[in-house]
Amino acid sequence: MFQVYTAKDKSELSKNLIGEFVEYDDAMDCAEQAIEGKPELRYIVEETNGCVDSYGELIATVVAESD
């Protein structure tokens, strides 16, 4: 599962979930469209496999990020 976020800066507090996708290509298409024409935003694509940590939070790995 891939989760797509937009963010205004490097802060975790500015992350907004845009969508969840099964396919990587679909996630990347959504990510690029979400920031198109918005230079203040960047995207973050994270991959999850359903595992959670000891706090019950989903473990995610960043697989793509815009500059």
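Note that the coordinates shown come from a computational prediction; the quantities given were computed from them, not determined experimentally.

Draft legend 1. Representation of the nonpolar core. Formed by Phe2, Val4, Ala27, Met28, Cys30, Ala31, Ile35, Leu41, Tyr43, Val45 and Ala64, the largest nonpolar core amounts to 11 residues. Those elements giving two or more residues to this core turn out to be β1 (2–7), α1 (24–35) and β3 (42–52). If one sorts the elements of this core by residue count, α1 sits on top with 5 residues. Sequence-distant contacts of Ala64, that is, excluding residues within four places in its chain, are made with Tyr24, Met28, Tyr43, Ile44 and Val45.

Draft legend 2. Region of interest: a negative patch on the surface. Where like charges cluster on the molecular surface, the negative patch consists of Glu23, Asp25, Asp26, Asp29, Glu32 and Glu36. Checked against the element boundaries, Glu32 lands in helix α1.

Draft legend 3. Quick look at the sheet that holds β1. A sheet is described by the order of its strands in space; here 4 strands give the open sequence β2-β1-β3-β4, paired in antiparallel fashion. For this open sheet the edge positions go to β2 (16–21) and β4 (58–65), each flanked by a neighbour on one side alone. Direction aside, the axes of adjacent strands within the sheet are offset by 30° on average. Taken together, the 6 bridges between β3 and β4 define a ladder with antiparallel strand orientation. Its bridge partner lying in β4, Glu46 is registered against Val62. Together, β1, β2, β3 and β4 form the strand contacts of α1, whose direction differs from that of β3 by roughly 145°.

Parameters and conventions
Residues numbered from 1 in each chain as written. Predicted model: local features only at pLDDT ≥ 70, side-chain atom pairs only at ≥ 80, totals over all residues. Heavy atoms only, no water. Core = buried A, V, L, I, M, F, W, Y, C linked by side-chain atoms within 4.5 Å. Buried < 20%, exposed > 50% of the residue type's maximum accessible area, 1.4 Å probe, protein only. Helix = DSSP H or I, 4+ residues; strand = E, 2+ residues; numbered from the N terminus. Contact = heavy atoms within 4.5 Å. Patch = residues over 30% accessible without salt bridge, like charges linked within 9 Å, V, L, I, M, F, W, Y side chains within 5 Å. Areas by Shrake-Rupley, 256 points an atom, 1.4 Å probe, with all protein chains shown as cover. Salt bridge = Lys/Arg side-chain N within 4 Å of Asp/Glu carboxyl O. Lys, Arg positive; Asp, Glu negative; His and termini not counted. Charge placed at Lys NZ, Arg CZ, Asp CG, Glu CD. Pairing = 2+ DSSP bridges. Axes fitted to C-alpha atoms, helices over the stretch in contact; angles between N-to-C directions.

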